[in-house]
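Listed below, chain by chain, are the residues.
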Amino acid sequence: MTDETGKPFQIDITGMTHDGRGVGRTPDRVAVFVPGLLPGDRAMVRIVRSHTSYAEGAMVSLEAASPDRVTPFCPDFGRCGGCSMQHMSYPAQLVWKRKLVVDALSRIGKVADVESLTRPTLGMEDPMLSRHKVSLPVRPEGIGFFARSSHRVIPFSDCQIQHPAGIAVRKAVLAWMEREEIPAYDDTDRTGLVRHLVVRTGHLSGEVQVTLVLACADLDDGYGAPVLAGLPGLATEMEQALADIGACLSGLMINAQTEPGARILGDTWLCVHSSEE
């Protein structure tokens, strides 16, 4: 394959994969997938990994920008893996999402006349603060999102695509863990206790359900019991933080997950707080 040594070459991006990587071709016509590039971009790229029928690349420099390219609004974009399309205008994202459906129906589903059957994507009036469910890994470096294709957490101070309830709950959990000296889970040696924070917010009701995932097999054992004793106080702090933004805590759940790997939730649950009590 051309440029096996990583020598940069120029590429025109003509398509995009389902996970948001730009698609172009090397000088010898091999398809190459490059994160951070959009259809219409021209860039200098180097090959970072070769496969039998395609290659993976990394952008060296952007030579000419796509008309759909915009400046990301988050300072952590590119490091944080919580979202991947902030560099693409929202109208262009809607067109891309429709194309994903069309391609899947025609290429995989063999559906005839799929273009006329597929309507334009329904967008939001304002896509900011729109994510109503968020799963945040909790690790020694903080509470945030995993960097792309890694288990390295990127903490953040704010997130403009999350509902404000997710930010408020995250801050309350961080303060509680620091005050009570509760350790975060560590993937390397599988120590620590708090593993994930899951926050769901009702779009119309403003009700918020919070799940803390703990790395202990028995929630009532000697490791988890001291944490459980302090959870009613944490629920009160969450209620106060959520009230400040016009939301309310409908429930605080504890989940036990001790298995290694990417699975977030285990099979053991405990309800600590419910607004229906």
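As a starting point, this report considers the structure included with it. (Residues numbered from 1 in each chain as written. Predicted model: local features only at pLDDT ≥ 70, side-chain atom pairs only at ≥ 80, totals over all residues. Heavy atoms only, no water.)

Here we look at the overall build of the chain
Within the chain, the regular secondary structure consists of four helices and 13 strands. Every one of the 277 residues in the chain was classed for burial, and the buried ones make up 42%. Looking at charge distribution, the chain has the averaged site of its 27 positive side-chain charges lying 10 Å from that of its 34 negative ones. (Helix = DSSP H or I, 4+ residues; strand = E, 2+ residues; numbered from the N terminus. Buried < 20%, exposed > 50% of the residue type's maximum accessible area, 1.4 Å probe, protein only. Lys, Arg positive; Asp, Glu negative; His and termini not counted. Charge placed at Lys NZ, Arg CZ, Asp CG, Glu CD.)

Regarding empty space enclosed by the protein
A full pass over the atoms with the stated rule returns one cavity of 30 Å³ or more. Roughly 120 Å³ of volume is contained in the largest cavity. Forming the boundary of the largest cavity are 14 residues, of which Cys74, Cys80, Cys83, Gln86 and Cys159 lie nearest the centre. Tallied by class, the residues present in the lining of the largest cavity amount to nine nonpolar, three polar and two charged. (1 Å grid on protein atoms, 1.4 Å probe; cavity = no way out; pocket = protein on both sides within 12 Å on 5 of 7 lines; lining within 4 Å. Points joined across faces, edges and corners; volume = space filled by probe spheres on them. Nonpolar A, V, L, I, M, F, W, Y, C, P; charged D, E, K, R; others polar.)

Description of unusual backbone geometry
Positive phi outside glycine occurs at Lys110, with the angle close to 55°. The residue Lys110 is located in the loop between α1 (90-108) and α2 (114-117) in this model.

Let's talk about the layout of surface pockets
Empty space within the largest pocket amounts to approximately 390 Å³. Its residues assigned to classes, the lining of the largest pocket comprises 11 nonpolar, five polar and two charged.

Things to note about the pattern of salt bridges
Scanning the model with the defined rule gives 13 salt bridges in all. Residues Arg79 and Asp76 are paired through a salt bridge, measuring 2.8 Å at the closest nitrogen-oxygen approach. Its relative accessible area of 45% is what places Arg79 among the partly exposed residues. A single network of salt bridges, built from pairs that share partners, joins Asp19, Arg21, Arg49, Glu56 and Arg148. (Salt bridge = Lys/Arg side-chain N within 4 Å of Asp/Glu carboxyl O.)

What to know about the side chain of Ser135
Topologically, Ser135 is positioned in strand β7 (residues 133-139). Among the polar contacts listed, one links the side chain of Ser135 to the side chain of Lys133, at a separation of 3.3 Å. Beyond its immediate sequence surroundings of up to four residues, Ser135 is in contact with Phe145, Leu197, Val198 and Ile264. (Polar contact = N/O pair within 3.5 Å; in protein donor to acceptor, adjacent residues only side chain to side chain. Contact = heavy atoms within 4.5 Å.)

Notes on the sheet that holds β7
Pairing is mixed across the open sheet formed by seven strands, whose spatial order is β9-β8-β7-β10-β11-β12-β13. Pairing within the sheet leaves two strands with one partner each, and these edge strands are β9 (153-155) and β13 (268-274). Strand-to-strand twist across the sheet, computed as the mean angle between neighbouring axes with direction ignored, equals 30°. For strand β8 (residues 142-146) and β9, the ladder comprises three bridges, and the chain directions are antiparallel. Across the sheet, residue Gly144 finds its bridge partner in β9, namely Pro155. Along the sheet, helix α3 (residues 164-180) contacts β7, β8, β9, β10 (194-201) and β11 (207-214); its crossing angle with β10, the most-contacted strand, is approximately 150°. (Pairing = 2+ DSSP bridges. Axes fitted to C-alpha atoms, helices over the stretch in contact; angles between N-to-C directions.)

Topic: the packing of aromatic side chains
Enumeration according to the criterion identifies two aromatic pairs in this entry. Taken together, a centroid distance of 5.2 Å and an interplanar angle of 25° make the contact between Phe33 and Tyr54 stacked. Remark: Tyr54 occurs in strand β6 (residues 54-64) and Phe33 occurs in strand β4 (residues 31-34); sequence separation between them is 21 residues. The class for Phe33 is buried, based on a relative accessible area of 18%. Using a relative accessible area of 29% as the deciding quantity, one classes Tyr54 as partly exposed. Relative to Phe156, the ring of Phe145 lies with its centre 5.6 Å away and its plane at 20°, an arrangement referred to as stacked. Of this pair, Phe145 sits in strand β8 while Phe156 sits in the loop between β9 and α3, and the two are 11 residues apart along the sequence. The aromatic ring of Phe156 is capped on one face by Arg170, whose charged end is 4.3 Å from the ring centroid. (Phe/Tyr/Trp six-rings, centres within 6.5 Å; stacked < 30°, edge-to-face > 60°. Lys NZ or Arg CZ within 6 Å of the ring centre and 35° of its normal.)

Describing the nonpolar core
The biggest cluster of nonpolar side chains holds 41 residues, and the ones touching the most others in it are Val169, Val173, Trp176, Met177, Leu197, Leu212 and Met238. Among the elements of the structure, β7, β8, α3, β10, β11, α4 (225-243) and β12 (248-256) are those that each provide at least two residues to this core. With eight residues, the single largest contributor to this core is α3. If near-sequence neighbours (up to four positions away) are discounted, Val169 is found in contact with Leu197, Val199, Val208, Val210, Met238 and Leu242. (Core = buried A, V, L, I, M, F, W, Y, C linked by side-chain atoms within 4.5 Å.)

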